[in-house]
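Structural overview for review
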Amino acid sequence: MTILVNINLPDAPLWTQLLHQHLPDCTLVSLDRPHDPAAVEYAVTWAPELGAFLPYANLRGILSIGAGVDNLLRDPDLPQVPVVRSVAPDLTSQMREWVLLQVLSHHRNALGYSALQARRDWAHLPGQRPAHQVRIGIMGLGELGLDAAHHLGHLGFDIAGWSRAPKPDTGFPVYSGSAGMAEFLGRSEILISLLPLTPLTKGILNKTLLAQLPPGAVLINAGRGGLQVEADILAALDTGQLRGASLDVFEQEPLPASSPLWSHPAVVVTPHVAVYSTPATVVPALVAQIRRHQQGGAFQNVVDRANRY
Ligand code: NDP
Ligand code: OXD
């Protein structure tokens, strides 16, 4: 079996090395070495060039090392074979940690107390409420959103969610589609976005949406930078419509040094590390997918090409 490794990341050699250890019976090929495209059955990839898979007529599956596949689906020449996204317990738990960290940090005013500490000021900031009085809205109730909802619920927060299709059995209110949006936003004092980037979600975190949140809300986005309009977020912070934001993803990555988000006192910036995908975390799941498919089983976590996630 021959597998193409096309990973546009500085640590690509580490991915190839670990894949090789797990799949010693397979031939791993890459774009920088001559190889026979007709022999390639699977591709393991991140952010490939447009048209990267055109030469591979016998591909049977394209496996993304990431959970988000917007960087793959932007390719109009992506072959009509299953596209598989990464889902792994360690990825989900990392996102859970990041989301909980940001929620608790805004809920307990960590930025405010850091500023006081810097001034050696022993003061109490007003407005601390118990978690059960704080209403959190989670946009995107997939692998990551549902897990975050579950754990925030355990901390006592008042949770609701928003997804494309209704979800009856979550144990908390779920709103769906554009019909449910206004009511969902109106109750979301802390809004968490764990949406994929698709034509329907591009730019969704904009001034129209932010204006529907309760005044003084908090925005937390770890979905994709393309979901957010950064100028609108900054404007909402200026007026107080937002009292804080935590952003892991940006319209342009790396976030340009000139962005006012870097130094905004109410904004937490992290450099797309909510989930820190490493070969050790992801490769075992990829290998299991390839082995299962080779033996006639179906891929899991196949992307719905029509809905684009
Ligand atoms: P899933 O595909 O499991 O879940 C996506 C969720 O978004 C689903 O609940 C889906 O609704 C909902 N959704 C999609 N489109 C719409 C829409 N138009 N309107 C309303 N809801 C919509 O994805 P994951 O939870 O695994 O991951 C989510 C995203 O997180 C990834 O696509 C990626 O961009 C991002 N990510 C970021 C990382 C980081 O380090 N910052 C790391 C990993 C992922 P429904 O349930 O009805 O289908
Ligand atoms: C992913 C990511 O999609 O790291 O997995 O953003």
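In what follows, the structure referred to is the one given above.
Residues numbered from 1 in each chain as written. Chains lettered and ligands numbered in written order. Predicted model: local features only at pLDDT ≥ 70, side-chain atom pairs only at ≥ 80, totals over all residues. Heavy atoms only, no water.

**What to know about the overall build of the protein chain**
Heads up, the condition is: Only DSSP runs of H or I reaching four residues or more are called helices, and only runs of E reaching two or more are called strands; each is numbered from the N terminus. Computation of the radius of gyration draws on C-alpha atoms, with the globule rule given as 2.2 Å multiplied by the number of residues to the power 0.38. Relative accessibility decides the category of a residue: with a 1.4 Å probe and only protein chains considered, values under 20% of the type maximum give buried, values over 50% give exposed, and everything between is partly exposed. Residue contacts are defined here by distance: any two heavy atoms, one from each residue, within 4.5 Å place the two residues in contact. Residue-level accessible areas treat just the shown protein chains as cover; the underlying method is Shrake-Rupley with a 1.4 Å probe. Working convention for charge: Lys and Arg count positive, Asp and Glu count negative, and His plus the chain ends are omitted. By convention, the point assigned to a charge is CZ for Arg, NZ for Lys, CD for Glu and CG for Asp.
Summing up its helical and strand segments, the protein chain has nine helices and 12 strands in all. Here the C-alpha atoms of the protein chain give a radius of gyration of 21 Å, agreeing with the 19 Å that 2.2 N^0.38 yields for 309 residues. Counting only C-alpha atoms and orienting by the principal axes, one finds that the protein chain spans roughly 65 × 45 × 30 Å. Of all 309 residues assigned to the protein chain, the portion counted as buried reaches 50%. Restricting the contact set of the protein chain to residue pairs at least 6 apart, pairs at least 24 apart contribute 64%. For the protein chain, the accessible surface area stands at approximately 15000 Å², while carbon and sulfur atoms represent 56% of it. When the 21 basic and 25 acidic side-chain charges of the protein chain are each reduced to a single mean position, those positions are 5 Å apart.

**Some details on the sheet that holds strand β4 (residues 61-64)**
For clarity, the threshold we go by: By this definition, two strands are paired if DSSP reports at least two bridges between them. Whenever a helix is involved, its axis is fitted only over the stretch in contact; in every case the axis is a line through C-alpha atoms, and angles between N-to-C directions fall within 0 to 180 degrees.
Pairing is parallel in the open sheet, where five strands are placed in the order β2-β1-β3-β4-β5. One side of each edge strand has no neighbouring strand; the edge strands of this open sheet are β2 (27-29) and β5 (83-84). Alignment of strand β1 (residues 2-7) against strand β3 (residues 40-46), held across six bridges, turns out to be parallel. Following the sheet pairing, N6 is matched in β3 by T45. Across the face of the sheet, helix α1 (residues 12-22) comes into contact with β1, β2 and β3 while running at roughly 160° to β1. Taken strand by strand, helix α9 (residues 279-294) contacts β1, β3, β4 and β5, and its axis lies near 160° from that of β3.

**Brief notes about helix α3 (residues 89-107)**
Let me state the cut-off plainly: How far a helix is expected to stretch is found by multiplying one less than its residue total by 1.5 Å.
For α3, spanning 19 residues, the distance from its first C-alpha to its last is 26 Å, which sits close to the expected 27 Å at 1.5 Å a residue. In the stretch just after α3, N109 is the one whose phi turns positive, near 55°.

**Section: the site of ligand 2**
Keep this limit in mind: Proximity is defined per residue: if any heavy atom of the residue lies within 4 Å of a molecule or strand, that residue is considered near it. Pairing of N or O atoms within 3.5 Å defines a polar contact, subject to two protein rules: one partner must be a possible hydrogen donor and the other a possible acceptor, and residues neighboring in sequence count only if both atoms are side-chain atoms. For this classification, the nonpolar set comprises Ala, Val, Leu, Ile, Met, Phe, Trp, Tyr, Cys and Pro, the charged set comprises Asp, Glu, Lys and Arg, and every other residue, Gly included, is treated as polar.
Every residue near ligand 2 is listed here: W46, G66, A67, G68, R224 and H272. Here G68 contributes a backbone N or O atom positioned 2.7 Å from an oxygen atom of ligand 2. The contact in question runs from an oxygen atom of ligand 2 to an N or O atom on the side chain of H272, over 2.6 Å. For ligand 2, the accessible surface in isolation is 210 Å², of which the surrounding protein chains cover 85%. Residues belonging to the shell around ligand 2 are distributed by class as follows: two nonpolar, three polar and one charged.

**Topic: unusual backbone geometry**
As a rule of thumb, non-glycine residues mostly have phi less than zero, and peptide bonds are mostly trans rather than cis. Here the residue pair E253 and P254 is connected by a cis peptide bond, since its omega of -5° sits within 30 degrees of zero. Residue position: P254 is located in the loop between β11 (242-247) and β12 (267-269). Phi is positive for A47, which is not a glycine, with a value near 50°. Looking at where A47 falls in the secondary structure, it is placed in the loop between β3 and β4.

**Some points on the site of ligand 1**
Around ligand 1, a shell composed of 28 residues is seen, among which R85, L141, A165, K167 and Y309 lie nearest. A222 has a polar backbone atom sitting 3.0 Å from a nitrogen atom of ligand 1. Taking 940 Å² as the accessible area of ligand 1 by itself, protein coverage stands at 91%. Secondary-structure elements contributing two or more residues to the shell around ligand 1 are α5 (143-154) and β7 (158-163). A per-class count over the shell around ligand 1 returns 15 nonpolar, seven polar and six charged.

**Points about the environment of L227**
Here L227 lies in the loop between β10 (217-221) and α8 (230-239). Put simply, L227 and T201 are 26 residues apart on the chain and 6.0 Å apart in space, counted from C-alpha to C-alpha. Setting aside residues up to four positions removed in sequence, L227 forms contacts with S193, L195, P196, L197, T201, G203, I204, L205 and N221.

**Things to note about the nonpolar core**
Within soluble globular proteins, side chains that are nonpolar tend to cluster in buried spots. Cut-off, in case you're wondering: Put simply, a nonpolar core is a bunch of buried Ala, Val, Leu, Ile, Met, Phe, Trp, Tyr and Cys residues held in one set by side-chain atoms that sit within 4.5 Å of each other.
Grouped together as the largest cluster of nonpolar side chains are 48 residues, with contacts concentrated most on V99, V103, I136, L152 and I192. Excluding anything up to four places from it in sequence, V99 contacts A148, L152, I192 and L194. Y175, L195, L213 and A217 belong to the second largest nonpolar core, which has 30 residues in total.

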